[in-house]
Amino acid sequence: MAPVRYRALPEPVTLLPPQTSSRLAPPPTCVALSGDGTRAAVGVGSSLYVLDLTKEDKSASQAKELFRKDLPDKLHCVAFSADDSIIAAGDAFGRCHVFHGHHGNSVNVFPHVRPERLLNKSDDDLALMELAVNGLAFSSDTLATCGADGGVSLWRLACGTRQRELYAELLDDPDDDERSEADKARDRRVLGWLSPEMRTMLKPAPAPAGYICACFCGDNSLVVGGERDELHVWVSTGEWAATPPEPSKQLKGHDQWVVSISYNNETLASLDVAGLLILWKDFVQTKQLCVGATGASVHLSEKWLITGGDSMVKVWDLLSFTCRQSFKAHELQIIKTAVAFDKEGEGFQVATLGGDRRTLLWRMDQEALCGECVLMGLSGHAWRDDPEAEVDDVCVVGSKLV
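Remember, predicted model here, so these are calculated numbers, not experimental data.

Asker: Looking at this model, I keep getting lost on the nonpolar core. Mind explaining?
Answerer: Soluble, globular proteins show a tendency: their nonpolar side chains are buried together. Grouped together as the largest cluster of nonpolar side chains are 15 residues, with contacts concentrated most on L15, V31, L33, L51, L53, A351 and L361. Where this core is concerned, the elements lending two or more residues are β3 (28-33), β4 (39-44), β5 (47-52), β27 (334-341) and β28 (348-354). It is β4 that provides the largest number of residues to this core, a total of three residues.

Listed below in C-alpha cells is the structure:
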C-alpha cells in the first residue's frame with residue numbers, strides 16, 4: 001500500500017457555559033457564528049449567550065461570555081446579520097428578538113405570529129397552535145422569519161416594520177372578520193375547518209406543514225424549506241411588499257423534510273432529514289449526494305461543502321465532491337451546526353451542537369483538508385500531533401488502526 005499521510009483532527013473548544021452542563025438545566029437548542037468568526041451565539045433554554053472567540057488562552061475550559069439575554073420563552077433559532085452588527089433569535093411563542101451584535105442592546109421584537117391571532121384563544125387553543133419561529137435569514141436590509149405556523153414574514157431592519165407575509169396555500173374561510181387571509185388560513189390549518197361547536201367535540205386537524213429553514217439567494221430571491229418534500233421560492237421584482245404571497249416556484253427532489261439550506265456563488269444546497277443533499281443552479285437540480293443516515297445542517301463556500309449529520313461533521317471538496325475530512329463531533333446526534341469561513345477561503349471554524357448537551361467549536365485548517373488521502377477518525381485512537389508524519393502501511397484490526 002502506498003504511504004498514507006496522517007491528517008490532524010481538530011481539537012474542540014467548549015462553547016457551552018459551565019452552568020448549563022448540569023442534567024437539571026435545559027439543553028442548548030441553537031448556535032450561530034459571526035461571519036468573522038470572533039463571536040458565537042448559543043441558545044440554552046430561554047437564555048441567549050454571546051461568547052468571545054478571540055481569547056488566546058487555549059487552556060480555558062470554555063469561551064468568554066460577552067453578554068447574556070434572558071428571554072420569556074425557549075429559543076429555537078439564532079443568526080447573525082451579514083455584517084455581524086445584529087443578532088436575531090426566534091422563540092417558541094412566535095417572537096423574533098433582535099439585539100445589537102456587539103453590546104447586546106435590544107433593537108426590536110418582531111411578532112412573527114400577529115398578536116391579534118392570539119386574542120380570545122383559550123389555553124387549549126394556544127397549546128394546539130404551532131407558534132415557534134424555526135428559521136431566520138438575513139439579506140442586506142431584510143430579515144425573514146419562518147415558523148411552524150407555515151408562514152414567512154419579511155421585516156425591514158431599518159424601521160422595524162413588517163414588509164410582507166408569505167405562505168404556501170390559502171384555504172377558503174367562511175368567517176367574516178377583520179383578520180387577514182393569511183391569519184385565517186393559518187388558524188384553519190391548525191384548528192381544522194370546524195365551527196366553534198364542532199371544535200369542542202372533535203379533535204383539531206393535524207398541525208400545519210411548518211417551515212424550518214430559510215435563506216436569501218441575493219436580495220431578490222428567498223428559499224424556504226420545512227415539513228414537506230419540496231422547497232418554496234419567492235422572487236421579488238422590486239419591493240418585497242408587492243410580491244405575491246404564494247411561492248413563485250417549487251423545487252422538487254427531496255423525499256423527506258428539508259432541514260437546512262445554504263447559498264453561495266449562485267449555488268444552492270438543500271439537505272433533508274434523511275441525509276440527502278441536493279445542489280441547485282438557477283433553481284435547477286445539478287447534483288445529489290448522500291452525506292449520511294441523517295442530516296442536520298449544510299454550509300457552502302466557494303471551495304468547501306460542510307455537512308453535519310448523525311454524530312459526524314464532514315467536509316467535501318465542492319469540485320470533486322470528495323470527502324476531505326470527517327470526524328466524530330459528538331457522542332449523540334448532531335442537532336445543529338454553524339460555520340464561519342476565513343476571508344481567504346483557506347480554512348474555517350465549525351460550531352456544533354449535539355444531543356449530548358455539548359456545544360463545541362472546531363478549527364479546520366488548510367493542511368487538514370489538502371491531499372489525496374484522508375483517514376477517518378476511529379474511536380479510541382490517538383492521532384499524531386505531527387500532520388506531516390508518515391507511516392508505511394495501515395490496516396484496521398477490530399476497532400483500532402495499526
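Asker: Which parts of the structure should I look at to understand the packing of aromatic side chains?
Answerer: Each aromatic ring pair is described using two quantities: the centre-to-centre distance and the angle formed by the ring planes. Tallied over the entire structure, the rule returns five aromatic pairs. Seen from their ring centres, F216 and W240 are 6.1 Å apart, and the 70° between their planes marks the pair as edge-to-face. Placement of F216 in strand β15 (residues 211-216) and of W240 in the loop between β17 (230-235) and β18 (249-252) is noted, with a sequence separation of 24 residues between them. On the numbers, 4.7 Å between centres and 45° between planes, the contact of F327 with W362 is tilted. Of this pair, F327 sits in strand β26 (residues 323-328) while W362 is found in strand β29 (residues 359-364), placing the two residues 35 residues apart along the sequence.

Asker: Would you mind going over the pattern of salt bridges with me for this structure?
Answerer: Opposite charge on two side chains lets them pair, provided their charged atoms get close. Tallied over the entire structure, the rule returns ten salt bridges. Its salt-bridge partner being R68, residue D70 comes within 2.9 Å of it at the nearest N-O pair. A relative accessible area of 38% means that R68 is categorised as partly exposed. Between R95 and D73 there is a salt bridge; the shortest N-O distance is 2.2 Å. With R95 in strand β9 (residues 95-100) and D73 in the loop between β6 (64-70) and β7 (75-80), the pair connects residues that are 22 residues apart, well separated along the chain. Residue R95 is classed as partly exposed on the basis of its relative accessible area of 21%.

Rules used in this analysis
The numbering scheme is per chain: residues are counted from 1 as the chain's sequence reads. Per-residue local features of the predicted model are confined to residues with pLDDT of at least 70, and side-chain atom pairs are confined, for both listing and counting, to 80 or more; whole-chain, interface and lining totals are unaffected and use all residues. For the side-chain quantities, the full set of heavy atoms in the structure was used; hydrogens and water were omitted. Put simply, a nonpolar core is a bunch of buried Ala, Val, Leu, Ile, Met, Phe, Trp, Tyr and Cys residues held in one set by side-chain atoms that sit within 4.5 Å of each other. Relative accessibility thresholds used throughout: buried, under 20% of the residue-type maximum; exposed, over 50%; partly exposed, between the two (1.4 Å probe, protein chains only). Secondary structure counts use DSSP, requiring at least four H or I residues in a row for a helix and at least two E residues in a row for a strand, with both numbered from the N terminus. Each Phe, Tyr or Trp ring (for Trp, its six-membered ring) is paired with any other whose centre lies within 6.5 Å, and the angle between the two planes then decides the class: stacked below 30 degrees, edge-to-face above 60, tilted in between. Salt bridge, as applied in this entry: a Lys or Arg side-chain nitrogen positioned within 4 Å of an Asp or Glu carboxyl oxygen.

Read these as spatial facts, not as claims about activity.
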